[in-house]
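Examination of the molecular architecture
In case you want the letters, here they are:
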Amino acid sequence: MSQEMLVLLAKSLWETTYMVAVSSFISALLGIPLGIILVTTNKGHILENAPLNRILGAIVNATRSTPFIILMVAIIPVTRLLVGTSIGTNAAIVPLSIAAIPFVARIVESALKEVDYGVIEAAQAMGASPREIITKVLIPESLPAIVLGLTLTIISLIGYSAMAGAIGGGGLGDLAIRYGYQRFRADIMLITVVILIAQVQIVQSTGDYISNRLNKK
Amino acid sequence: MITLQDIEKVYQSDNGTIHALRGVNLSVKQGEIFGIIGTSGAGKSTLVRCINMLESPTKGIVTVDGQELTSLNEQELREQRKKIGMIFQHFNLLSSRTVYQNIAFPLELAKRSKEEIDKEVLHLLELVGLSDKKDQYPAQLSGGQKQRVGIARALANHPKVLLCDEATSALDPQTTKSILELLKDINRKFQLTIVLITHEMQVIKEICNQVAVIEGGKIIEQGKVIDIFTQPQSNTTKEFISSIINHNLPDFFKEITLASEPSADSNLILRLSFIGHSTEEPVISSMIRRFAIDASILYGNIDHIQTIPFGTLIVELSGEQASLQQALSYLKTRELGIEVIGYVARNARAIG
Ligand SMILES: Nc1ncnc2c1ncn2[C@@H]1O[C@H](COP(=O)(O)OP(=O)(O)O)[C@@H](O)[C@H]1O
Ligand SMILES: [Mg+2]
């Protein structure tokens, strides 16, 4: 393989990593609080608020049920507004984050729902405020499950980033399509697939390891 | 220390409304161990959760340590809750925290300094006998040990009141005994008022001073444990007691007919209950010496309610009707409980 191809590969690998890292970070930053709100505003929970719960739930479901490829195109105006362009790695981060936020929210929601309500009540009986219950009970108790959920999110984002790349986002997906597919470079196709698989494996094992270390049950 | 006035609790759920408490009045004095017993669904948990307002009553007034909790806002209520400890059937410990960190939790909530927390936690660990387990996680502990952590955690902020919701129901009899001992100890040491919910009469008998029986959201009977045990009024109470003290008539009574009035030729069957010192008094023998009668013991049992001995005897007295009545009057002057079970024809039984 030529020097030129190696540089291209390295660049694509960096682009994918960058897109996935930034969109993972943004989706965790917004998705975790959203998940917490989804749980705590439920009926009978510490911040019960049925209207808010219903509205947020509907938004999350709507975003989640839109296929990524359509979402990506549909929000092009928003992307332009935020990053000034709809092409390139930075532009791809917008749809990636928007797709992943509700995903993270649902994952966090189901992780927090696993926390035994008795433990929450015990904290209430000790005079804990809703904020203290969230930070000192709900999150620490469900951290192993949240870590696994975030791992899953990162893996999904690796897949989505390849799709985003195909329509001008750069990264490994873009490389595979332009060289591997359009120019019949089977070696490039093979190598990108291997790198993608390796990335997923590394993320999964790291996530499993951290989650296991955190789990005291 | 605790008063509940006309507490009503109605749950609205999808399948209708549930009237869980129907006008409950209770008053618990400082330093008492107050038991509340009832069958499943009677409203025990709802009642105890009204005391710290985990459940806010639909109607009524809750007062703890002179503070009316039903009139407080959320913030004020949280402050008051720090003075009320609570332990649970399923312990409800934080699985992500060690024993030490679990006990430290309420102290963190109370914004105590690291040094204060350390001192307090180590002391509590010693109190509940878990010093060697301080860095273990709840998953590594037995049920009894978990409940000890629960107790230490509940005591961390030096509460005035400890609420126990079926605290021993998930434990085996041996462990139950040791947890009850610990609660008794704490009650004595700190003059801590304890409210204890249970469906087991054994628990009440073991440590409570006062007991209330709850059924269908109402307190149907309450009083000193010794009085409730010796003179239960309601059928529910009798049933609870019979689970540990046999209050039913022995089987052979099923085969004979009992009359409620004496006839010329009948024997008298009595149930005598002795409490405390009267168990040491030779009542039966002095009765036989005084009156021209014979006595045979059909059934006997002796038990303890905490340290107080409590005995039951079923005796059959035979003799002239006049002597029998004299003996009965004599017994009534002694310090013991008497229940006339009935009269049987003399030849109905092979005695006398
Ligand atoms: N959160 C709730 N929502 C609706 N009904 C409830 C709730 N909690 C308890 N109940 C009902 O109230 C009654 C009393 O329950 P509870 O106090 O838990 O009884 P116990 O502790 O004596 O078994 C039961 O009929 C129960 O189904
Ligand atoms: Mg209960």
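Keep in mind the model is a prediction, meaning the values are calculated, not measured. (Residues numbered from 1 in each chain as written. Chains lettered and ligands numbered in written order. Predicted model: local features only at pLDDT ≥ 70, side-chain atom pairs only at ≥ 80, totals over all residues. Heavy atoms only, no water.)

1. Considering the overall build of chain A
Using the following cut-off: Strands are runs of DSSP state E lasting at least two residues, helices are runs of H or I lasting at least four, and both sets are numbered from the N terminus onward. Working definition: with a 1.4 Å probe on protein chains only, accessible area under 20% of the residue-type maximum means buried, over 50% means exposed, and in between means partly exposed. By definition in these notes, contact holds between two residues if any of their heavy atoms fall within 4.5 Å. Shrake-Rupley sampling with a 1.4 Å probe provides the accessible areas, and residues are treated as covered by the protein chains on show and by no other component. Counting rule for charge: Lys and Arg are taken as positive, Asp and Glu as negative, and neither His nor the chain ends is counted. The atoms used to mark charge sites are NZ of Lys, CZ of Arg, CG of Asp and CD of Glu.
A tally of helices and strands in chain A yields nine helices and zero strands. Element order for chain A, N to C, with α for helix and β for strand: α-α-α-α-α-α-α-α-α. Counting all 217 residues of chain A, 46% fall into the buried class. Relative to all contacts within chain A whose residues are 6 or more apart in sequence, the contacts with residues 24 or more apart total 73%. When the accessible surface of chain A is summed, it comes to about 10,800 Å², and 67% of that surface belongs to carbon and sulfur atoms. Considering chain A, the positive charge centre built from 15 side chains and the negative charge centre built from 12 side chains are found 4 Å apart.

2. Description of the overall build of chain B
Secondary structure assignment for chain B yields 11 helices and 14 strands. Oriented by its inertia axes, the alpha-carbon framework of chain B measures out at about 80 × 50 × 35 Å. Counting every position in chain B, which comprises 352 residues, the buried fraction comes to 53%. Contacts spanning at least 24 positions in sequence make up 70% of the contacts within chain B whose residues lie at least 6 apart. If you sum the accessible surface of chain B, you get close to 16,200 Å²; carbon and sulfur atoms cover 47% of it.

3. Remarks on the packing of aromatic side chains
Residues and elements named next belong to chain A. Put simply, the test is: In summary, the pairing rule links any two rings of Phe, Tyr or Trp, Trp by its six-membered ring, whose centres are within 6.5 Å, and it sorts them by plane angle into stacked for under 30 degrees, edge-to-face for over 60 and tilted for everything else.
Tallied over the entire structure, the rule returns three aromatic pairs over all chains. When the ring of Phe 68 is compared with that of Tyr 160, the centres are 4.6 Å apart and the planes differ by 20°; the resulting orientation is stacked. Residue Phe 68 is found in helix α3 (residues 68-74), and its partner Tyr 160 is found in helix α7 (residues 130-169); the two are separated by 92 residues along the sequence. Overall, the relative accessible area of 31% leaves Tyr 160 in the partly exposed class.

4. With respect to the sheet that holds strand β3 (residues 33-37) of chain B
Residue and element names in this part refer to chain B. Selection rule: When DSSP locates at least two bridges between a pair of strands, those strands are taken to pair. An axis is simply a line fitted to the C-alpha atoms; with a helix, the fit covers only the stretch in contact. Between two such axes, the angle follows the N-to-C directions and lies from 0 to 180 degrees.
Here we have six strands laid out as an open sheet, ordered β6-β7-β8-β3-β9-β10, and mixed in their pairing. Edge positions in the open sheet fall to β6 (84-88) and β10 (218-224), since each of these has one partner strand only. On average, each strand axis in the sheet is tilted by 15° relative to the strand beside it, whichever way the strands run. Here β3 pairs with strand β9 (residues 210-215) via four bridges, running parallel. Residue pairing for β9: Ile 37 is matched across the bridge by Val 213.

5. Regarding the interface of chain A and chain B
We count it as follows: Computed with a 1.4 Å rolling probe, the buried area is the accessible surface lost when two parts are put together, summed over both parts. We define a salt bridge as a side-chain nitrogen of Lys or Arg found within 4 Å of a carboxyl oxygen belonging to Asp or Glu. Pairs of N or O atoms are called polar contacts if they sit within 3.5 Å, as long as, within protein, a hydrogen donor faces a hydrogen acceptor (for residues adjacent in sequence, only side-chain-to-side-chain pairs).
Counting from both sides, the interface comprises 20 residues of chain A and, opposite them, 23 residues of chain B. Of the roughly 1,900 Å² buried between chain A and chain B on both sides combined, carbon and sulfur atoms contribute 58%. The tally of links between chain A and chain B comes to three salt bridges. Two residues, A:Glu132 and B:Lys111, come together in a salt bridge whose shortest N-O distance is 3.0 Å. Where chain A meets chain B, there are six residue pairs in polar contact (both at pLDDT 80 or more). Counting residues per element, the ones that place at least two in the side of chain A that touches chain B are α6 (117-125) and α7 of chain A.

6. Some points on the site of ligand 1
All names here are of chain B. What counts, and what does not: Whether a residue is near a molecule or strand depends on its heavy atoms: it is near if one of them lies within 4 Å of it.
The environment of ligand 1 is made up of Tyr 11, Ile 18, Ala 20, Thr 39, Ser 40, Gly 41, Ala 42, Gly 43, Lys 44, Ser 45 and Thr 46. For ligand 1, an oxygen atom lies 3.3 Å from a polar atom in the backbone of Ala 42. Residue Thr 46 places a side-chain N or O atom 2.5 Å away from an oxygen atom belonging to ligand 1. Counting only elements with at least two residues in the shell around ligand 1, the list comes to β2 (16-28) and α1 (44-51).

7. So, the domain arrangement of chain B
Residues and elements named next belong to chain B. For clarity, the cut-off: An automatic or database domain assignment supplies the residue ranges for each domain.
Its domain assignment divides chain B into domain 1 (2-242) and domain 2 (251-345). Measuring from the centre of the C-alpha atoms in domain 1 to the corresponding centre in domain 2 gives 41 Å. Counting residues at the interface gives 10 residues for domain 1 and seven residues for domain 2. In total, about 700 Å² of surface goes out of reach between domain 1 and domain 2, with carbon and sulfur atoms giving 66% of it. Our enumeration of links across domain 1 and domain 2 arrives at zero residue pairs in polar contact (both at pLDDT 80 or more).

8. Observations concerning the pattern of salt bridges
Counted under the stated rule, the structure contains 22 salt bridges over all chains. Of the charged contacts, one joins B:Asp135 and B:Lys134 as a salt bridge, the two residues approaching to 3.7 Å between their closest N and O atoms. Classification of B:Lys134 as partly exposed rests on a relative accessible area of 29%. Here B:Arg188 makes a salt bridge to B:Asp185, at a shortest N to O gap of 3.4 Å. Placement of both B:Arg188 and B:Asp185 in helix α6 (residues 173-190) is noted, with a separation of three residues, approximately one turn of the helix. On the basis of relative accessibility, which here comes to 52%, the residue B:Arg188 falls in the exposed class. In this structure B:Asp185 comes out as partly exposed when scored by relative accessible area, which is 34%. Each of the salt bridges in this network shares a partner with another, and the network as a whole consists of A:Arg106, A:Glu109 and A:Lys113.

9. As for helix α1 (residues 3-40) of chain A
Basically, it comes down to this: The span you would expect from a helix comes to 1.5 Å times its residue count less one. Working definition for bend: take the seven residues up to and ending at a residue and the seven starting at it, fit an axis to each, and measure the angle between the axes.
Taking 1.5 Å of rise per residue, the 38 residues of α1(A) would be expected to cover 56 Å, and the 55 Å separating its terminal C-alpha atoms lies within 8% of that figure. Maximum bend of α1(A): about 25°, positioned at A:Ala28.

10. A short note on a nonpolar patch on the surface
Residues and elements named next belong to chain A. Heads up, the condition is: Patches here: salt-bridge-free residues with over 30% relative accessible area, like charges joined within 9 Å, nonpolar side chains (Val, Leu, Ile, Met, Phe, Trp, Tyr) joined within 5 Å.
A cluster of nonpolar side chains, contributed by Ile 177, Tyr 181, Met 189, Val 193 and Ile 197, occupies part of the molecular surface with about 450 Å² of accessible area. Elements supplying a minimum of two residues to the nonpolar patch: α8 (171-181) and α9 (186-214). At three residues, the largest contribution of residues to the nonpolar patch is made by α9. The residue Val 193 is located in helix α9 in this model.

11. Let's talk about the confidence of the model for chain A
Short version of the rule: Residue-level confidence of the predictor is what pLDDT reports, using numbers from 0 through 100.
Across chain A, the average pLDDT comes to 92, with 100% of residues at 70 or higher. Across chain A, the element-wise mean pLDDT spans from 84 in α8(A) up to 96 in α6(A).

12. Some thoughts on unusual backbone geometry
A positive phi is found at A:Phe184, a non-glycine position, where the angle reads about 55°. Along the chain, A:Phe184 falls in the loop between α8 and α9. Although it is not a glycine, B:Lys111 adopts a positive phi angle of roughly 60°. Mapped onto the secondary structure, B:Lys111 falls in the loop between α3 (99-109) and α4 (114-127).

13. Things to note about the pairing of β2(B)
Residues and elements named next belong to chain B. Bridging between strand β1 (residues 2-13) and β2 involves 10 bridges; their strand directions are antiparallel. Across the sheet, Ile 2 pairs through a bridge with Val 28, a residue of β2. Here β1 folds back onto β2 in antiparallel fashion, the turn holding two residues.

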